[in-house]
Structures are given as structure tokens and as C-alpha cells.
Amino acid sequence: MSMSDFMWGLMAGLAAVLVVGGIVKWRRRDMPLTVAEKAEYLSKRRARMLPALAVIFLSQQASFFSQMSEGGHVSAEKAKISAWLVLSALLLLGLATKGFWFEKKEVRDLIDDENTRANRSEAMRWGFLFAMGTAIAVYILTMFDTVTGREAVHMVMSFGIAAAILRWGFLERRAHRDA
Amino acid sequence: MPERLANKLKDRRTELGLTQAELAERVGVTRKTVNTVENGVFTPSATLAIKLAKALELSVEQLFWIER
């Protein structure tokens, strides 16, 4: 993989993120909301977005692994690998921080309240366990087949992040559901 | 039989004529957190339990109890 292809992929991924962020901001331009209302609105939107993000992330993996089985990692499109890397890093950042980086501090603090922090921790626990489970599975797989270091990292990261995002999405949706 | 933290958050909140959003604003959390505590899905920290009890003008023991 040449460096320029890789950089183009990274830049395309980042550009896509900025475009989506811009559209979201533009759609909210005429909504005069209090801090609490805004936190509620964003929290609900996150609960809806997380399962969708997990599906996008997993479909990227399906595409990657189908190409890998056809001719090795090298044949997988460079742009797709870069996009995966950008999305993985963003999802990890979202999991590890309060998220909504472009919002005001008071909104971010309120969105990351006690229940959200508990849900996030639980999701991270699931992510860790799935990543370790995948690492064990990959280790066993290497006894029967050749697995490159990069493929192993890709699998461990993908399953770990996907499990964490799915769990977080489930917990957030359940939390918003009225009794 | 596992123990669980029961509460009368909803009854008391309704009694005082508060919505989940209003109570949430008083204690500095989102409506989602109040909702999960009310439903028994989430066990609040001691800090949040005290804040909720204060906002609902009850003691923590009156608001929460252990159910077996």
C-alpha cells in the first residue's frame, strides 16, 4: 500500500466525518434549546445512531474479510482500510470520551451524566471481553492457518469495537424507553 | 432471591406535579437517568440518591428501600 493511497483514504474518511457533522449542525441551526433540552435531544440521537454506526462498521468488516479471502490483505482496497481506521479511531474516541466534541462544555457534561457513564463503562467491559475472546480465537486459528499480524489486529479491534458500540447502543435505547 | 433497590420516585414526583425532565433539571442529570432510576433499571450513586431525595423533599430511606 503506497503512502499516498493511504493518506487519500484517511482524508476521505475525515472529510466524510466533517460533512456529516456540518449537515447535523446546519439542521439544528434554528432550534432554540436550553442546555437540558439540547442534552436530551443529543442523547436520544446518539441512542439512535449507535446501532446504525455498528451496522456500518460491521458491513465494512464483511467487505474487508470477503476481499481478504479472495487474495489476501493486500487486495483489500486501500481506501476502505483507511476508512476503517478512521471510523475505528472515532468510535474508540467516542467510547473513551464524552463525545459531542463541538458542543458547549455544559451540554457535554450533562450528556455524560451518571447513567451514561455507567452505560459507557459497561460497553467498554463488553468490548474488552470480546476483543480478548477474539484474540484467543485468532491464536487458535494460527495453529491451523496463516494469519498475518495486521489481519489479527484488524479482527481483534473490529470485534472489540463492534461489541462495545452495540452494547452501548442497546443500553442507551433501553434507558430512553419509558416504563 | 436477589436484592433490588426499589423506589417511589414516580409516585412522589407525580404527587409534586413534576415531570421527569423537571426533576432531572433540578438534580443536574438528563431525563434518561431519572427514567432509568424510576424503572429500576439503574441503581443511582449515593450522591444522586441524596440529590433526588432532597429535590422530592423526602429522606433517602423514604425514597429508596431494599426489596427481596
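Here, the structure is the one placed above.
Each chain carries its own residue numbering, running from 1 in the direction its sequence is written. Both sets of labels track the order of writing: A upward for chains, 1 upward for ligands. Restriction of local features to residues with pLDDT of at least 70 applies here, the model being predicted, together with a cutoff of 80 or more for giving and counting side-chain atom pairs; totals for whole chains, interfaces and linings are based on all residues.

S.K.: Hey, could you run me through the overall build of chain B in this one?
M.R.: Note on conventions: DSSP H or I runs of at least 4 residues are helices, E runs of at least 2 residues are strands, and numbering of each starts at the N terminus. Within chain B one finds 5 helices and 2 strands. Taken from N to C terminus, the helices and strands of chain B fall in the order β-α-α-α-α-α-β. Taking 11 Å as the expected radius of gyration for a compact globule of 68 residues, we find that chain B reaches 11 Å, a close match to that expectation. Summarising its shape, the C-alpha atoms of chain B cover approximately 35 × 20 × 20 Å along the three principal directions. Expressed as a percentage of its 68 residues, the buried residues of chain B come to 38%. Each radius of gyration is computed over the set of C-alpha atoms, and the globule rule expresses the reference value as 2.2 Å times the number of residues to the power 0.38. Labels follow a simple rule on C-beta atoms placed from the backbone: if 20 or more others lie within 10 Å of a residue's own, it is buried; if 12 or fewer, it is exposed; otherwise it is partly exposed.

S.K.: Explanation requested: the nonpolar core in the structure shown.
M.R.: Considering soluble globular proteins, one finds that nonpolar side chains tend to be buried as a cluster. Any nonpolar core is a set of buried residues, restricted to Ala, Val, Leu, Ile, Met, Phe, Trp, Tyr and Cys, that join up through C-beta atoms within 7 Å. Ranked by internal contacts, the top residues of the largest apolar core, which has 19 residues, are A:Ala162 and A:Ile165. The set of elements that each furnish at least two residues to this core consists of helix H2 (35-71), helix H5 (114-141) and helix H6 (149-176) of chain A. Counting residues per element, this core draws most heavily on H6(A), at 12 residues. When near neighbours in sequence (up to four residues on either side) are disregarded, A:Ile165 contacts A:Leu50, A:Leu53, A:Ala54, A:Phe57 and A:Leu91. Grouped together as the second largest cluster of nonpolar side chains are 15 residues, B:Val29, B:Leu48, B:Leu52 and B:Ala55 included. We call two residues in contact if the C-beta atoms placed from their backbones are at most 7 Å apart.

S.K.: Teacher, can you tell me more about the packing of helix H2 (residues 20-27) of chain B against helix H3 (residues 31-39) of chain B here?
M.R.: If you want to describe how two helices pack, look at the angle between their axes and the distance between the axes. Residue and element names in this part refer to chain B. The convention used is that axes are lines fitted to C-alpha atoms, helices contributing only their stretch in contact, and that angles between N-to-C directions extend from 0 to 180 degrees. Relative orientation of the contacting elements H2 and H3 amounts to 110°, with a least axis distance of 8 Å. Classified by the angle their axes make, H2 and H3 are roughly perpendicular. From H2, Gln 20, Ala 21, Leu 23 and Ala 24 reach across to H3, where they touch Arg 31, Thr 33, Val 34 and Asn 35. Here the nonpolar group is Ala, Val, Leu, Ile, Met, Phe, Trp, Tyr, Cys and Pro; Asp, Glu, Lys and Arg are the charged ones; every other residue, Gly included, is treated as polar. The residue makeup of the contact of H2 with H3, split by class, is 4 nonpolar, 3 polar and 1 charged. Geometric relationships in this document are graded by angle, where less than 35 degrees denotes roughly parallel, more than 145 denotes roughly antiparallel, 65 to 115 denotes roughly perpendicular, and other angles denote oblique.

S.K.: Sorry if this is basic, but what is going on with the interface of chain B and chain A here?
M.R.: Think of interface size as the accessible area that goes away when the parts come together; that is how it is often given. Counting residues at the interface gives 17 residues for chain B and 15 residues for chain A. Considering every element that reaches the side of chain B that touches chain A, the biggest residue donor is H3(B), with 7 residues. Partitioning the side of chain B that touches chain A into residue classes produces 7 nonpolar, 6 polar and 4 charged.

S.K.: So what exactly am I meant to see when it comes to helix H3 (residues 78-96) of chain A here?
M.R.: Owing to its 3.6 residues per turn, the α-helix aligns residues three or four sequence positions apart on the same side. Helix length check: H3(A) (19 residues) gives 27 Å between terminal C-alpha atoms against 27 Å at 1.5 Å per residue, within 8%. Listed as buried for H3(A) are A:Ile81, A:Ser82, A:Trp84, A:Leu91 and A:Gly94. The span you would expect from a helix comes to 1.5 Å times its residue count less one.

S.K.: Honestly, the packing of H3(A) against H6(A) in this entry has me stumped. Any pointers?
M.R.: Residues and elements named next belong to chain A. Look at H3 against H6: their axes get within 11 Å of each other, and the N-to-C directions meet at 45°. Taken together, the axes of H3 and H6 lie oblique to each other. Our pair here, H3 against H6, has a crossing hand that is left-handed. Within the contact between the two elements, H3 uses Ser 88, Leu 91, Leu 92 and Leu 95 and H6 uses Met 157, Ile 161, Ala 164 and Ile 165. Grouping the amino acids of the contact of H3 with H6 by side-chain chemistry returns 7 nonpolar, 1 polar and no charged. Each crossing is labelled by how the near helix is turned from the far one, with a counterclockwise turn of less than a right angle marking it left-handed and a clockwise turn marking it right-handed.

S.K.: I'm lost on unusual backbone geometry in this one. Help?
M.R.: Note on backbone geometry: most residues besides glycine have negative phi, and most peptide bonds are trans. Although it is not a glycine, A:Phe100 sits at a positive phi angle of roughly 45°. For A:Phe100, the position within the fold is in the loop between H3 and helix H4 (105-111). The backbone phi angle of B:Glu57 is positive, close to 55°, even though this residue is not glycine. Structurally, B:Glu57 is set in the loop between helix H4 (46-55) and helix H5 (60-63).

S.K.: Honestly, the environment of A:Gln60 in this entry has me stumped. Any pointers?
M.R.: All names here are of chain A. Mapping Gln 60 onto the fold places it in helix H2. Put simply, Gln 60 and Lys 25 are 35 residues apart on the chain and 26 Å apart in space, counted from C-alpha to C-alpha. Ignoring any residue separated from it by four or fewer positions in sequence, one finds Gln 60 in contact with Lys 80, Ala 83, Trp 84 and Leu 87.

S.K.: Explain the environment of A:Leu92 here, please?
M.R.: Residues and elements named next belong to chain A. If you trace the backbone, Leu 92 turns up in helix H3. Using a count of 17 C-beta atoms within 10 Å as the deciding quantity, one classes Leu 92 as partly exposed. Put simply, Leu 92 and His 176 are 84 residues apart on the chain and 23 Å apart in space, counted from C-alpha to C-alpha.

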